[in-house]
Structures are given as C-alpha cells and as structure tokens.
Amino acid sequence: MTTFIPSLTLPAAVFANPAAAILLPVALGTAVGFSVRPKETQKTYLALKQPPFRPPPQVFGPAWTLLYGLMGYSAYRAYSTGIHPLASTEKHLLTKHGATLYTIQLGLNLIWMPLFFWAKRPIEATVDIVALTGVVGYLTYTWGQVDALAGWALAPYLGWLGFATYLTIGVGYLNDWNIADKEVKATKDT
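This is a predicted model, so every value here is computed, not measured.

This part covers the overall build of the chain. Across its full length, the chain carries eight helices and zero strands. Going from N to C terminus, the chain has its helices and strands arranged as α-α-α-α-α-α-α-α. In terms of overall dimensions, the chain is globule-like: its C-alpha atoms have a radius of gyration of 18 Å, near the 16 Å expected for 190 residues. Considered along the principal axes of its C-alpha atoms, the chain spans approximately 60 × 30 × 30 Å.

Here the focus is the nonpolar core. Counting 39 residues, the largest nonpolar core has F15, W64, Y102, F116, W143, Y157 and L161 as the members making the most contacts within it. Only α2 (18-35), α4 (60-82), α5 (89-118), α6 (122-146) and α8 (155-174) provide two or more residues apiece to this core. Counting residues per element, this core draws most heavily on α5, at ten residues. Setting aside its immediate chain neighbours within four residues, W143 contacts F15, S74, A75, A78, L94, T95, G98, A99, Y102, A150, G151 and L154.

Close contact between α4 and α8 brings their axes to 10 Å; oriented N to C, the two are set at 140°. Taken together, α4 and α8 sit at an angle that is classed as oblique. The two elements α4 and α8 cross, and the hand of that crossing is left-handed. Counted together, F60, A63, W64, L67, L70 and M71 of α4 and P156, Y157, W160, L161 and L167 of α8 form the full contact between these two elements. Each residue belonging to the contact of α4 with α8 can be placed in one class, and the counts come to eleven nonpolar, no polar and no charged.

Moving on, we get to the side chain of T100. The topology assignment puts T100 in helix α5. For T100, a relative accessible area of 0% gives the class buried. Setting aside its immediate chain neighbours within four residues, T100 contacts T3, F4, I5, L8 and T9.

At a minimum axis separation of 9 Å, α2 and α5 run at an interaxial angle of 20°. Here α5 runs roughly parallel to α2, going by the angle between their axes. Considering only the axes of α2 and α5, their crossing is right-handed. Contact residues: α2 offers A21, P25, L28, G29, V32 and G33, while α5 offers Y102, L106, L110, M113 and P114.

Mean pLDDT over the chain works out to 92, with 95% of the residues at or above the 70 mark. Averaged pLDDT values for the elements of the chain fall to 80 in helix α3 (residues 38-47) and rise to 98 in helix α7 (residues 148-153).

It is worth spelling out the environment of I129 at this point. By the secondary structure assignment, I129 is in helix α6. Here I129 falls in the buried class, since its relative accessible area comes to 3%. Sequence-wise, I129 and N109 are 20 residues apart; in three dimensions their C-alpha atoms are separated by 7.5 Å. Aside from chain neighbours lying at most four places away, what touches I129 is W112, L161, A164, T165 and T168.

The next thing to look at is the pattern of salt bridges. When the charged atoms of two side chains lie near each other, side chains of opposite charge can form a pair. Applying the stated criterion across every chain yields a total of two salt bridges. A salt bridge links R77 to D147, with the shortest nitrogen-to-oxygen separation between them at 2.8 Å. Of this pair, R77 sits in helix α4 while D147 is found in the loop between α6 and α7, placing the two residues 70 residues apart along the sequence. Residue R77 is classed as partly exposed on the basis of its relative accessible area of 27%. Close ionic contact of E124 with R121 constitutes a salt bridge, the shortest N to O distance being 2.6 Å. Given the relative accessible area of 41%, R121 is considered partly exposed.

Rules used in this analysis
Residues numbered from 1 in each chain as written. Predicted model: local features only at pLDDT ≥ 70, side-chain atom pairs only at ≥ 80, totals over all residues. Heavy atoms only, no water. Helix = DSSP H or I, 4+ residues; strand = E, 2+ residues; numbered from the N terminus. Rg over C-alpha atoms; globule rule 2.2 N^0.38 Å. Core = buried A, V, L, I, M, F, W, Y, C linked by side-chain atoms within 4.5 Å. Buried < 20%, exposed > 50% of the residue type's maximum accessible area, 1.4 Å probe, protein only. Contact = heavy atoms within 4.5 Å. Axes fitted to C-alpha atoms, helices over the stretch in contact; angles between N-to-C directions. Parallel < 35°, antiparallel > 145°, perpendicular 65-115°, else oblique. Left-handed = near helix turned anticlockwise from the far one by under 90°. Nonpolar A, V, L, I, M, F, W, Y, C, P; charged D, E, K, R; others polar. pLDDT = per-residue confidence, 0-100. Salt bridge = Lys/Arg side-chain N within 4 Å of Asp/Glu carboxyl O.

So this is what it looks like as structure tokens:
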C-alpha cells in the first residue's frame, strides 16, 4: 500500500473543487500537447512504422480531452466522498493515498509525450507508460474502494493506457527503438 505524501500531492483545494479537479488535467494535457507542436507531432507520428490498429492522429486530441475530464471527475468524486465528515477512517486514508497516486500518475502522464515526440526516446517513454498504467491500475482499485463511480470513471483511461502501451511498444519495436531519424522538420506552413 502507498501512503499519503503531502509534498508529492496536489493541494486539497484542487480535489475539493469540481471545476479545478476537472479543468486542471485538461488544461495541463492541452498545454503539453501544444508545447510539442501538434502539426509536427502528427507528421512524425505518420512517418513512424506503426503496429496494426493504430488510430488516425486526429483521434488523440478528443480522446485525451475526454479521458482527462473523466480523470478529474474521478478525483473530485473520490475526494468529496472520502473526505466527507461521515466517511470512515479507512475511506479517509484511502482517499489521501489515492490523492498522492493521482498526482504521481498525472506527472507520469504529462511527461510521456515530450519523452516520445520531443526527446525521441521510445525506451524511456515505454518505461514511463508501463509505470503509468501500473499506478493508474492501483489508483483505480484504491479509489474504487472509496467510491465505485470514481473507480469506474478511471476504467476508460486504464483501457486507453493499455492500448497506448501497445502502440508505444509496437512503434518502438518496429522502428528498432530509434525514432530520431523519423523527425519531420518544420516547414513554413506548419
């Protein structure tokens, strides 16, 4: 079992406010997505050898926006249920443990795209996404004990991470774990 680590956990006010809980991951995910230049990222993505069932690049933005929203809703729901004055001591502890896990998974999530597309490091990106999937699996279990809906709200995210792990490993393997030579240079129209 993990523990509550205040220095590694987002402030309680983020979890307690539904707008902050939902908008924070959406805003951070959007900021990271735009910081790695989406048009160049899409071109690089299309230049890579891909495993079967890869989605078109246009799917990722809407999918991640929805998943970040569900992630934030889950955080709000688990926190408001678990910190409620009538909640048991066990739920209170699980909620705080989950808040630390949530913060860790958000950090792992946000560094994947720069690792893969900016640093061109598919091995490190694979390690990151495998760790992320494990943390989210444990978070889903933990917050599912606090509030079933909070756990189920993370299920699509966990499923997508499984698929994203397959894509990351597939791209790494098919490109001999070297995607630096697949870099697409910026043009005047991008």
